[in-house]
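Fold and geometry: a report
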Amino acid sequence: MNHSPLSGLRVAVTGGTSGLGLALVEALHRAGAAVAFVARRADRVAAVAARFPGTHGLAGDVSVKEDTHRLALRILAALGGLDVLIHNASSLGPVPLAPLADTDCEALEEALATNLLGPFRLTKALLGALTAAAREGRPALVIHVVSDAGAVAYPGWGAYGASKAALWHLSRIWDEELRPHGVRSLAFDPGDMDTPLHALAVPDADPATLERPERSASRILALLEEHAHARRDRAGTPAA
Amino acid sequence: MHAATAPAPRRPDARILAVGSDGRTRTVPRTALPDLLRPGDLLVANDAATIPASLRGIHRGTGATVEVRLAGRRSLAFDDVRGFTAVLFGAGDHRTPTELRPLPPLVAPGDALDLGPLRATVLEVLGHPRLLRLRFEGPAAQVWDGIARHGRPIQYAYVPEPLALWDVWTRIAAHPVAFEAPSAGFLLDWELLGHLAGRGIGFATLTHAAGLSSTGDPALDARLPLDEAYFIPEATARAVAAAQRVVAVGTTVTRALEHAGGRSGHGLATQRIGPGTRLRAVDAILTGVHAPGESHFALLRAFARDPVLEGMNATLEREGFRSHEFGEAVLLYRS
């Protein structure tokens, strides 16, 4: 028996096969949540799904418009609805990092497609499900994984930083607009983590100075618990 | 009435023709829906998302090209997606009007259909050579994957451009169980829902697996709507009981609420609603513009007497209302 406060919570995570996304899938699975995760490579998706039996791995690319509703369909069919959507998949833009003046337009477009347009589209496609959850008194939450590169102008991080700044603002506006419909949106900045994405950006970083993604994942789970409790107190009914 | 031909499901300039129980009509823009309702009224919509239920493939026995249109299943359970009721079409696609499509090959129980990545077996022919019970091979996740990758939205000749899944999902789409879009829901958007709430008009949802609206075959069309599974959340049943007036968004919501008779939970709507039906739960219907003779239109005859509907049709014709699922709308109060 699992009596975790997150037991039965229906959560979708993008970018679920590496870094923070993988840590989230593992932690949510351990906490008894129903988890669907999305990532681009079918072989890695299958491997992670096999490692955490009961999770639903879906191969797809959030940066591709045509994949949006297919993924939404699969997420909703796998979980029977949705309480929490975590936009974690990220693109760095140009690799290695480059000043904006040396950044190809295509690299900026790629960062925007993955970090901004993808989350916008997927939230829109899943909004019916999130508001339905809210009407049933369940927690309904969208989490955007952002970065301090979206708040501070770090030279060399232009494509990534601009896309994360836009995502951060998108999250704030979603929250203002969706609150009347019972859905909350928030941005979460995990800090510098020891992940494949960080290794691409800063290949010679000392891992000892970086946060473990498992630690950041547990901070997100704490946020989810807090939100689930608040919702339960307001609604006066169990959230799950 | 002319068919709306562009896949523009949520035209902001769509209109609503309000038809009172006395037959008087009034045309307003879609955005004025809150003005047609009163505080204490409850709008109930179908939050089914539409699956890409048109599957092209080959009838293995004859090698003939076929199109399978999934049309029903016995429950809404997401792990119960191997068995479906389906309608078989011959070669060609939606650009040919359904009534002019070549007939499919004759099939028999045990026949195999190869539908892209999906393999199906015919279990039963349901009293009409094109109406079948099918079973897909493989576990549920594999069936969903096949439908998501290979399926296309069911569509008709009056919209020639191929529709994408986003064209057939309403704003409130939450549960992928509908075979065709619960299209009255296209009238709703988040801004309008916000305005309704601001006026004290309630909003609730149920989930109803909307089936096919037409097959092009008179004998088959006479059997529509087929049985449709639905689910009514407890919160919705409570809101319906407390509402002053219940406005059903679409024929599917009407069918589910009338079948459930106030209960919440799962059900299978088997009844037909028509001129003889006494409505118990629904006071008004917000629906697309449907032509006399369609099964959707027959349902309106439970709401109003024929002279009222004839007056309504004359007004729709005169004012050039666009029909079908991407068209405009009627708000019809029960007489």
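Residues numbered from 1 in each chain as written. Chains lettered and ligands numbered in written order. Predicted model: local features only at pLDDT ≥ 70, side-chain atom pairs only at ≥ 80, totals over all residues.

1. A look at the overall build of chain B
A count of helices and strands for chain B gives nine helices and 19 strands. Since a compact globule built from 335 residues should have a radius of gyration of about 20 Å, the 20 Å found for chain B is in line with a globular shape. Here chain B, with 335 residues, has 48% of them falling under the buried criterion. Sequence separation of at least 24 residues holds for 72% of the intrachain contacts in chain B that already meet a minimum separation of 6. (Helix = DSSP H or I, 4+ residues; strand = E, 2+ residues; numbered from the N terminus. Rg over C-alpha atoms; globule rule 2.2 N^0.38 Å. Buried ≥ 20, exposed ≤ 12 C-beta atoms within 10 Å, placed from the backbone. Contact = placed C-beta atoms within 7 Å.)

2. Digging into the sheet that holds strand β8 (residues 83-89) of chain B
All names here are of chain B. Read around the barrel, six strands follow the order β6-β7-β8-β11-β10-β9 and close on themselves; strand pairing throughout is antiparallel. Within this sheet the neighbouring strands show an average axis-to-axis angle of 45°, counted without direction. Contacting β6 (54-59), β9 (112-115), β10 (118-125) and β11 (131-136), helix α2 (residues 140-150) runs over the sheet at an angle of about 105° to β10. (Pairing = 2+ DSSP bridges. Axes fitted to C-alpha atoms, helices over the stretch in contact; angles between N-to-C directions.)

3. Some thoughts on the packing of helix α4 (residues 105-135) of chain A against helix α5 (residues 158-178) of chain A
Residues and elements named next belong to chain A. One can describe the packing of α4 onto α5 by two numbers: an axis separation of 8 Å at closest approach and a directional angle of 15°. Considered as vectors, α4 and α5 are oriented roughly parallel to each other. The hand of the α4/α5 crossing is right-handed. Side by side, α4 and α5 meet where Ala 107, Leu 108, Ala 111, Leu 112, Asn 115, Leu 116, Pro 119, Phe 120 and Thr 123 of the first sit next to Ala 159, Tyr 160, Ser 163, Lys 164, Ala 166, Leu 167, Leu 170 and Trp 174 of the second. Taken together, the residues that form the contact of α4 with α5 break down as 13 nonpolar, three polar and one charged. (Parallel < 35°, antiparallel > 145°, perpendicular 65-115°, else oblique. Left-handed = near helix turned anticlockwise from the far one by under 90°. Nonpolar A, V, L, I, M, F, W, Y, C, P; charged D, E, K, R; others polar.)

4. What about the packing of helix α3 (residues 67-79) of chain A against α4 of chain A?
Residues and elements named next belong to chain A. α4 packs onto α3 with a crossing angle of 35° between their chain directions and a minimal axis gap of 9 Å. For the crossing formed where α3 meets α4, the hand is right-handed. In this structure, α3 contributes Thr 68, His 69, Leu 71, Ala 72, Ile 75 and Leu 76 to the contact, and α4 contributes Arg 121, Leu 122, Ala 125, Leu 126 and Ala 129. A breakdown of the residues in the contact of α3 with α4 according to their chemical character gives eight nonpolar, two polar and one charged.

5. Focus on the nonpolar core
Ranked by size, the top nonpolar core spans 168 residues in total, and within it Ile 75 of chain A together with Val 44 of chain B carry the most contacts. The dominant element in this core, judged by the number of residues it contributes, is α4 of chain A, at 11 residues. Mapped onto the domain boundaries, this core takes at least three residues apiece from domain 1 (2-50 + 161-333) and domain 2 (54-150) of chain B. With nine residues, the next largest nonpolar core counts Ala 111, Trp 157, Tyr 160 and Leu 197 of chain A among its residues. (Core = buried A, V, L, I, M, F, W, Y, C linked by C-beta atoms within 7 Å. Domains from an automatic or database assignment.)

6. Observations concerning the domain arrangement of chain B
All names here are of chain B. When cut into domains, chain B gives domain 1 (2-50 + 161-333) and domain 2 (54-150). The straight-line distance from the C-alpha centre of domain 1 to that of domain 2 is 28 Å. Those elements that place two or more of their residues in the side of domain 1 that touches domain 2 are β12 (175-178), α5 (218-221), β14 (228-232) and β16 (265-269). A total of three residues in the side of domain 1 that touches domain 2 trace back to one element, the largest contributor, which is β14.

7. Considerations on the sheet that holds strand β6 (residues 184-188) of chain A
Residue and element names in this part refer to chain A. Reading across the sheet, the six strands line up as β3-β2-β1-β4-β5-β6 and stay open at both edges, with parallel pairing between neighbours. Every interior strand has two partners, whereas the edge strands, β3 (56-59) and β6, have only one. Direction aside, neighbouring strands of the sheet carry axes that sit 15° apart on average. Pairing between strand β2 (residues 34-39) and β3: four bridges, direction parallel. Each residue of the ladder has a partner; that of Ala 36, found in β3, is His 56. Against the sheet, helix α2 (residues 42-51) engages β2 and β3, with an angle of about 180° to β3. Contacts between α4 and the sheet are confined to β4 (84-87) and β5 (141-145), with β4 contributing the most and set at about 175° to the helix.

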